[in-house]
Amino acid sequence: MTITKYIRAETKTTAKERNKFWSFRAAGQGKGELQLYGIIESETWWGDEITPQTFKSEMDSLGDISELNVYINSDGGDVFAGQAIHSMLKRHKAHVNVYIDGIAASIASVIAMAGDTVYMPRNSMMMIHSPWTIAMGNATDFRKMADDLDAARESMIAAYQDKSGVERDELVALLEAETWLSAERAIELGFADEIEQTKQIAAAVRNGALTINGQIMDLKQYKNAPKLVAVTAPEPSITLEVVEETEESETVPPANGKGEKTPRTPLALYERMTKSHENRRL
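Note that residues are indexed from 1 along each chain, following the sequence as it is written. Local features in this predicted model are restricted to residues of pLDDT 70 or higher, and side-chain atom pairs are both shown and tallied only at a pLDDT of 80 or more, whereas totals for entire chains, interfaces and linings draw on every residue. Hydrogen atoms and water are omitted, and side-chain values are computed over all heavy atoms in the structure.

Draft legend 1. Representation of the pattern of salt bridges within the structure. Take a side-chain nitrogen of Lys or Arg and a carboxyl oxygen of Asp or Glu: if they are within 4 Å of each other, that pair is a salt bridge. Applying the stated rule across the entire model yields 10 salt bridges. Across the pair E58 and K20 runs a salt bridge whose closest N-O atoms are separated by 2.6 Å. Of this pair, E58 sits in helix α2 (residues 52-60) while K20 is found in the segment before β1 (22-28), placing the two residues 38 residues apart along the sequence. Only DSSP runs of H or I covering at least 4 residues are called helices, and only runs of E covering at least 2 are called strands; the numbering of each starts at the N terminus.

Here it is as structure tokens:
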């Protein structure tokens, strides 16, 4: 989800009352940190007081840092907010390290392209696709919307190409197909640089939603999202499993084909999800 309109049957909150989707902090010895968790929302980004200028001011308040560590765990959001963040990070003179703490999908993956070095744990994922929106109006309105979407896609293509060097035709095909990338595949294409060996990702399915490192991800909005079902482990907890068919499976098949039991932990099953989906890519 890249360009989104929100309609709510409630009193609209003020910018001061809304929570930001980002947070900066000084990490000492010339280092700063930025956390981007959750939806990259236009409502908070373009509020009366929480604005792009606020983001830049908070980043500048870190001082003369030489290293900026950016932690991303997001299923996407507003394309214009994401592009603004990408531009600000690219212009920053510090070395920008990006860490994918679970998922960087849609416009969150564009933000990740601002990293001088992009790290992905082995069981993390990145998703790229062409921007889409929901709109209403007459034929003229829809033609303009199509032009706006094409312009947004061109800016996204530029960001992906600057980082990866992938040829335009190949990149367009990946975007049109809504491509989900494992860490290995992202590095192969040039969207990421290194596999982070020490990072562990806690993942679970609760009430039909995927939760990764405490962040709820609504993947139903995407056409090629990995298919997940909740399974009950021997202990009273909910874990994560990949299913190839739409029917819900009652058992977890062996991962190695030797009859050994598959670990039913969130981390192990999430790793299986990323590997299985990678094997099914076009």
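Draft legend 2. How the structure looks around the packing of α2 against helix α3 (residues 79-91). As a rule, the C-alpha atoms of each element are fitted with a line to give its axis, helices using only the stretch in contact, and angles between N-to-C directions run from 0 to 180 degrees. Across the interface, α2 lies against α3 with an axial gap of 11 Å and an inter-helix angle of 25°. Here α2 is positioned roughly parallel relative to α3, judged by the angle of their axes. The way α2 lies across α3 gives a crossing that is right-handed. Facing P52, F55, K56 and M59 of α2, the residues of α3 in contact are I85, M88 and L89. Note that Gly is not counted as nonpolar here; it falls among the polar residues with everything else outside the nonpolar set of Ala, Val, Leu, Ile, Met, Phe, Trp, Tyr, Cys and Pro and the charged set of Asp, Glu, Lys and Arg. Residue classes in the contact of α2 with α3 are distributed as six nonpolar, no polar and one charged. Under this scheme an angle from 65 to 115 degrees is roughly perpendicular, one under 35 degrees roughly parallel, and one over 145 degrees roughly antiparallel; angles in between are oblique. For any pair of crossing helices, the crossing counts as left-handed if the nearer helix is rotated counterclockwise from the farther one by less than a right angle, and right-handed if it is rotated clockwise. Only heavy atoms matter for contacts: two residues are in contact if any of them lie within 4.5 Å across the pair.

Draft legend 3. Spatial organisation of the confidence of the model for the protein chain. For every residue, the predictor assigns a confidence score, pLDDT, that lies between 0 and 100. Here the protein chain averages 76 in pLDDT, while 60% of its residues score no lower than 70. Across residues 1-17, where pLDDT falls below 50, the model places 39 contacts with residues more than four positions away in sequence or in other chains. Here residues 229-252 scores under 50 on pLDDT; set against residues more than four positions off or in separate chains, the count is 58 contacts.

Draft legend 4. Unusual backbone geometry, seen in detail. You will see that Q29, though not glycine, has its phi angle at about 50°, which is positive. Topologically, Q29 is positioned in the loop between β1 and β2 (31-37). Although it is not a glycine, E178 sits at a positive phi angle of roughly 50°. Mapped onto the elements of the fold, E178 is located in the loop between α6 (168-176) and β7 (179-182). Only protein chains enter the accessibility calculation, which uses a 1.4 Å probe; a residue is then buried when its area is under 20% of its type maximum, exposed when over 50%, and partly exposed in between. Its relative accessible area of 6% is what places E178 among the buried residues.

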